[in-house]
Number of protein chains: 4
Amino acid sequence: MIKAGIVGGTGYSGKELLRLLSFHSGVEVLYVSSRDKDKPVIDDYPFLPKKYSNLRYKDVDKKYMENLDVIFLATPSDTSHKIVKDIYDGNKVIIDISADFRLENNDYKRWYKFDHFIPELLDKAVYCIPEINRTDIKKDVKIIANPGCYPTSVLIPLIPVLEKVDPETIIIDSKSGVSGAGKKVAEDYLFCEVNESLKAYSIGRKHRHIPEIERYIKLWTGKNKKIVFTPHLIPINRGIISTIYLTGISETDYKIACEYVYEKYRDELFIKIVEPQIKNVIYTNHCHFNLYYDGISTMIIVSVIDNLIKGASGQAIQNMNILFGFDEKEGLC
Amino acid sequence: MIKAGIVGGTGYSGKELLRLLSFHSGVEVLYVSSRDKDKPVIDDYPFLPKKYSNLRYKDVDKKYMENLDVIFLATPSDTSHKIVKDIYDGNKVIIDISADFRLENNDYKRWYKFDHFIPELLDKAVYCIPEINRTDIKKDVKIIANPGCYPTSVLIPLIPVLEKVDPETIIIDSKSGVSGAGKKVAEDYLFCEVNESLKAYSIGRKHRHIPEIERYIKLWTGKNKKIVFTPHLIPINRGIISTIYLTGISETDYKIACEYVYEKYRDELFIKIVEPQIKNVIYTNHCHFNLYYDGISTMIIVSVIDNLIKGASGQAIQNMNILFGFDEKEGLC
Amino acid sequence: MIKAGIVGGTGYSGKELLRLLSFHSGVEVLYVSSRDKDKPVIDDYPFLPKKYSNLRYKDVDKKYMENLDVIFLATPSDTSHKIVKDIYDGNKVIIDISADFRLENNDYKRWYKFDHFIPELLDKAVYCIPEINRTDIKKDVKIIANPGCYPTSVLIPLIPVLEKVDPETIIIDSKSGVSGAGKKVAEDYLFCEVNESLKAYSIGRKHRHIPEIERYIKLWTGKNKKIVFTPHLIPINRGIISTIYLTGISETDYKIACEYVYEKYRDELFIKIVEPQIKNVIYTNHCHFNLYYDGISTMIIVSVIDNLIKGASGQAIQNMNILFGFDEKEGLC
Amino acid sequence: MIKAGIVGGTGYSGKELLRLLSFHSGVEVLYVSSRDKDKPVIDDYPFLPKKYSNLRYKDVDKKYMENLDVIFLATPSDTSHKIVKDIYDGNKVIIDISADFRLENNDYKRWYKFDHFIPELLDKAVYCIPEINRTDIKKDVKIIANPGCYPTSVLIPLIPVLEKVDPETIIIDSKSGVSGAGKKVAEDYLFCEVNESLKAYSIGRKHRHIPEIERYIKLWTGKNKKIVFTPHLIPINRGIISTIYLTGISETDYKIACEYVYEKYRDELFIKIVEPQIKNVIYTNHCHFNLYYDGISTMIIVSVIDNLIKGASGQAIQNMNILFGFDEKEGLC
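So, here is what we can say about the structure in this document. None of the values given here were measured: they were computed from a predicted structure. (Residues numbered from 1 in each chain as written. Chains lettered and ligands numbered in written order. Predicted model: local features only at pLDDT ≥ 70, side-chain atom pairs only at ≥ 80, totals over all residues. Heavy atoms only, no water.)

Points about the relation of the copies chain A and chain B
You can overlay chain A on chain B at an RMSD of 0.0 Å; the transform is a turn of 180° with a shift of 0.0 Å along its axis. Such a combination of rotation and displacement between the chain copies is what one expects of a two-fold axis. (Least-squares fit on C-alpha atoms with pLDDT ≥ 70 in both.)

Re helix H11 (residues 309–324) of chain D
Given 3.6 residues per turn, any residue in an α-helix points the same way as the ones three and four places further on. Residue and element names in this part refer to chain D. The terminal C-alpha atoms of H11 lie 19 Å apart, and with 16 residues this falls more than 12% below the ideal 22 Å at 1.5 Å per residue. Along H11, 15 of the 16 residues are buried, which leaves the element largely enclosed by surrounding structure. One or two steps after H11, the chain reaches Gly-325, where phi turns positive at roughly 80°. (Helix = DSSP H or I, 4+ residues; strand = E, 2+ residues; numbered from the N terminus. Expected span 1.5 Å × (residues − 1). Buried < 20%, exposed > 50% of the residue type's maximum accessible area, 1.4 Å probe, protein only.)

As for the interface of chain A and chain C
In this assembly, 19 residues from chain A lie in contact with 19 residues from chain C. Summed over both partners, the interface of chain A with chain C buries about 1,700 Å², with 63% contributed by carbon and sulfur atoms. On the surface where chain A and chain C come into contact, there are two salt bridges. Seen at the junction of chain A and chain C, the total is eight residue pairs in polar contact (both at pLDDT 80 or more). For the side of chain A that touches chain C, the element with the most residues is helix H8 (residues 191–194) of chain A, which contributes four residues. Tallied by class, the residues present in the side of chain A that touches chain C amount to 11 nonpolar, three polar and five charged. (Contact = heavy atoms within 4.5 Å. Buried area = accessible area lost by both parts, 1.4 Å probe. Salt bridge = Lys/Arg side-chain N within 4 Å of Asp/Glu carboxyl O. Polar contact = N/O pair within 3.5 Å; in protein donor to acceptor, adjacent residues only side chain to side chain. Nonpolar A, V, L, I, M, F, W, Y, C, P; charged D, E, K, R; others polar.)

Details of the relation of the copies chain A and chain C
When chain A is fitted to chain C, the residual RMSD is 0.0 Å, and the transformation amounts to a turn of 180° plus an axial shift of 0.0 Å. Looking at chain A, 100% of its interface residues are interface residues in chain C too, so the copies touch through the same face.

Topic: the interface of chain A and chain B
Interfaces are frequently sized by the accessible area removed from exposure as the parts join. Of the residues lining the interface, 40 residues belong to chain A; the matching set on chain B comes to 40 residues. Here chain A meets chain B over a buried area of about 3,400 Å², counting both sides, of which 63% is carbon and sulfur. At the junction of chain A and chain B, the tally comes to four salt bridges. Viewed at the interface, chain B and chain A are joined by 18 residue pairs in polar contact (both at pLDDT 80 or more). Among the secondary structure elements, those contributing two or more residues to the side of chain A that touches chain B are strand E7 (170–176), strand E8 (199–200), strand E9 (227–233), strand E10 (240–247), strand E12 (287–293) and strand E13 (298–305) of chain A.

Shape is all these values report; function is a separate question.
What follows is the structure, encoded as structure tokens:
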């Protein structure tokens, strides 16, 4: 049994991590942080098995994390890097669910408006979508930068496609369930403001997942591409659907890409090339997608994931499984 | 008081027509058809004012429509044209909410898979989005082809923009509430199949609103454009949001288009250029939209309407108001 | 045209008041208060007709209300009575949507935990559900205590029933859409906390609508009854359904009550005795209910209203219509 | 590994069974019936692990079930008993999720309007809510009558309470998610008919779960009670909340009952006495409930379960686990 801790146990990702880890045969969660110090964790999460009855929230304090094997940071951006500065010791594994280790130093100034506390660790962090680059998780990796929810939904189908085609423009129209915004207590996320409505947000070149998607397109395919990205807020709890338009594609190239993608993902446990519907992936670590052609010159990709699982906590566990030598799908479905 | 009839009173558009017309000061509804012959209409629609207590469904039979001034066809495609063949007499006004009079004869074979019964009337029908071409409704018009829901959400912002810019590609990513599919009793529209999910459908060059949008872009701007169009099914009752991407646009052209569009719609009662959110337009005849730029070369338009009102029954009443000389917003809000 | 003002224009009831009054032929809204002083009201409520473009929020200050004919207080409990103390002058009409004038002085201490600022006005306020006691609105009434949402849904069917039967116990199981809680920015009302869930709240003798229901049962039927009342929070925007159980009722008494109720409400415009479903009353001022019997000794009443309209703003307008001599249904549907 | 089959694999309970069994370490599903003979099961249920890629639907035919150890009947009422007549051989275990083995012979005529095909097996079937009567599952049991969803939510808290108190009346107001109705393709269950609405149904002494609840109250507590039961349809996918009113209870008796219930369920894995909210039990086999008092004479119980899991397929697996000697919570969470 490895010993795990979660910093930020009361947000939606932290909650989902705790839920999933409680089913994992090789992990025990010994530490969960929250402002509600000393409160039994199970009071907030009554779905937890009774074996967690004695677990109580603690402060974010280094001393509680010393004997842990793995620490999940389910903290907001601009928080994780400060905690890592404090607790990083080259021994324990840190899996950061925030964006704080996904980008290059400059990106934090430009897109996130903060100065990174430990830029020297950025190169040591491994950003990993296992189905694309699981071999990057060598045994000595100590920081995993867990991919963002929108980027995961986009990159899984897009990376292999871009290895075969070179589109003129890449337009990504994404729609996310409300948990994607985190548990923000703000008027915009009240039930009556979201339910029976729909809106686009961060329209234009604004959303912070743009540099993340562009960076890994470049790193993984060598292609320097600017994307157009529009996220939408949808009245569902969980799930993302990304509709991706690649213009200037010939039918031949479309078919070559399809064949390549089918081959590449044939044996992946969590990827299926089927008609994508959010209802088929929620509460799973799956990504379902499919590739379409408009008969003229546009290729269309539609991709779905559960933003809290494959887009956050599930993929974090998948990455942990790889690093610690567990079966990659342990604790996941 | 003009005398009105509704063929197809039990679908969602027919129901909405009845609801809206029951508030119209200049119209009385004397005829509603349904298979449930003789059943009081109010039994299905208990929200109706008590003055409708004696109205009962009747067959679809010419004899009931003879003395009416206006007949709304809230019937499916491939039904309206058959009814029109039967009842058209050059006197009464027919407002068809289906697609049967929106296109050219050939389009029906290709996109709708039927032979039009009275192709000679296609030229006489006026397709009208009042804010764009209300002057086409001359006094002698007898058939109004009421625009489709997706096309209305797209064409209102897009037509004036295309008068000023010439995009390389036009990509339209639309999301519709479930009533847009009509009251189809099929597994795909069951609550548990739609709720907490999301899917794209008719992906590629498949949806029947494609020829409608392309036809009126050409007719109204002179530009021969192929669009890419992907509709999505969203778990809300009513409302459409269309996110439109125009590629290859300079910032200067974007600004010129904005200025032109603001000017054009300044005095329109039902159009507002504000942050578009579905919750602000449902149960209204409004279209809200806004224009954005990505800072590189793509212009983004986001537009929302209520698919049952501005996208169907409300616009039908607006067109009726123009034709019969009522205040254009009578019975609408 | 009478001149109206709304104190508390940014909550859900205030918003609905503004929306409904904007369609009322005899009212112009000249004053809306909010903390966002000077902001155009239409920025928050883009559904408003353009004639409201120049209306801007103002402070809650007596000077803005001096020339108004009617002031709606869409303020929380324990706020309205303070405002009334400040603005009451025996001339203008005040319609209070909060609970501050519905009860007896002692009730405020016990149930609402505050001391009433002007208990001497409590007797002058008229609590009115028009279908029950519209004749209480005499011309000289200056304060109307608008009934609460749950009490409205309960009292409309229950009062005439209790005139004919004498149940052993009255158990009321109510379910409300989320807008019933007002626009509270709190974790409990976040989309992801409410959606796909359901809970009872204020279980036991706790909810503040209990004394309101008991008071008007006594006042209107002479019967001194204790009720059991359990409200539930339901993931819909608007609408209340109340399921009421009366035990110890004979079948004969049940039938007598039915006959009496049918007769009493036969000509009411906003009341229908039909199968009650929330979807049929939202966006209307209607109350739909029906009476059932279990064949043994329990009578069951199911009643639905739109909590924001018949349960708040619509009924407030209906009361205003009566007091000012408008057609009772003007501006309502 | 025991070999399992599912008759009725395409309804909501069958789907959930398949999903849960696919995670069970001791079971392999070798047979799933559906009208879509030969179609790969995974096509309908893409969430299934890839090991199920070769499983195809088959007819309902005895020959496919001969070598199975356990057969789950996820079939409608009035179907299961016919299948059991055909396949029952005293060897294999049959777990019937329908109502066909829950009641006495006469009840089927009266409440279900059919003549039971094999009434002689009714006595051999064991109706089991494990937390109440798990010891009734002896090794030689061959038919398990899996409890209904509403009865499970009611009986878990009510049975121990009734061992201690004797209420005058028992009123049960239940609210169920839409999957509780099964996958019925009917207008009443269309998204737009259910969403943003709410209704009571089977009001009065009508719902078929009444005799089931009354029978097991009598069998398990010796008390002959008539209940009042009103179910409501709620716009959520899954989950039931039952609000139960017991009248004529003293505060002392209430406290005695509480103490007894807390003690009885202290060590149950799937039962928690906490604030009941549907969101905390969906996708789990848990029942959460709590007991309240109104301070006068009414005890109120609120109870929640996931109707598809604890109310159907999860409890079926729990019963299977007991019978086959697996850990009772294997495959469940």
